[in-house]
Amino acid sequence: MGSRTSAISQPITIRRAVARDAKRLTRLVRGSGAYEGKYAAAVAGYRVGPDYIEAHRTFVAVGADEHGGRVLGFYSLVLAPPELDLLFVADEAQGRGIGSLLVAHMQSEARAAGLDRVRVVSHLPAEDFYHRVGAVRIGTALANPPAVPWDRPEFEFRIP
């Protein structure tokens, strides 16, 4: 895992994902260090396709660099029923506040869409993150073998 810093060290832009982001987002999901070992099977064949990006409110956090921008993380908000379906930050960008920025952006999008709550079924290693960014634990999503053979914490963001 790359080094972590306590603050964002480069300008970050959050923009709507477009079809050409699909392969990068798929690589980010499949390459996530949070899904190594026993969790690897959950993302091994996962695909974030252009159709998914078009169907949901998917946003990317892009960091400025010499190539005009690098995807550092992304999220996907499903409106009906309201759910934060995906939230990933590149391993080397974790610990720099990008996840918190993405959550704040998601809450703003949810508010603009008239939502008052957004559910998220958390990956076990992300449970502490969701607590830190203000999600409230509301239950447990039971295992769904073979795709997900373990129970997962279920949270809710209350949108003011």
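In this text, all values refer to a predicted model and were calculated from it rather than measured experimentally.

Caption draft 1: Region of the structure containing the overall build of the protein. The number of helices and strands found in the protein is four helices and seven strands. Counting from the amino terminus, helix and strand elements in the protein follow one another as β-α-α-β-β-β-α-β-α-β-β. The C-alpha atoms of the protein give a radius of gyration of 15 Å, which matches the 15 Å a tight globule of 160 residues would have. Relative to its 160 residues, the protein shows a buried fraction of 43%. Considering only contacts within the protein whose residues lie at least 6 apart along the sequence, 62% involve residues at least 24 apart. Carbon and sulfur atoms form 52% of the exposed surface of the protein, whose accessible area is close to 8400 Å². For the protein, the separation between the mean place of its 20 positive charges and that of its 17 negative charges on side chains is 2 Å.

Caption draft 2: Main features of the environment of G134. Assignment of secondary structure puts G134 in the loop between α4 (127-132) and β6 (136-141). Sequence separation between G134 and S100 is 34 residues, and the spatial gap between their C-alpha atoms is 9.8 Å.

What counts, and where the lines are drawn
Residue indices begin from 1 for each chain and proceed along its sequence in written order. Two thresholds apply to this predicted model, a pLDDT of at least 70 for residue-level local features and 80 or more for giving and counting side-chain atom pairs, whereas whole-chain, interface and lining totals are computed over all residues. Heavy atoms throughout the structure, all of them, feed into the side-chain values; hydrogens and water do not. Every helix listed is a DSSP run of H or I at least four residues long, and every strand listed is a run of E at least two residues long, numbered separately from the N terminus. All radius of gyration figures rest on C-alpha atoms, and the globule criterion is 2.2 Å times the number of residues raised to 0.38. Any residue under 20% of the maximum accessible area for its type is buried, any over 50% is exposed, and the rest in between are partly exposed; the area is computed with a 1.4 Å probe on protein chains only. The contact rule is simple, with two residues in contact once any of their heavy atoms fall within 4.5 Å. Residue burial considers only the protein chains on display, and all accessible areas are found by Shrake-Rupley using a 1.4 Å probe. We treat Lys and Arg as the positive residues and Asp and Glu as the negative residues; His and chain ends play no part in the count. Where a charge sits is defined by one atom per residue type, namely NZ (Lys), CZ (Arg), CG (Asp) or CD (Glu).

Interpretation note: all reported values are geometric properties and have no functional meaning in isolation.
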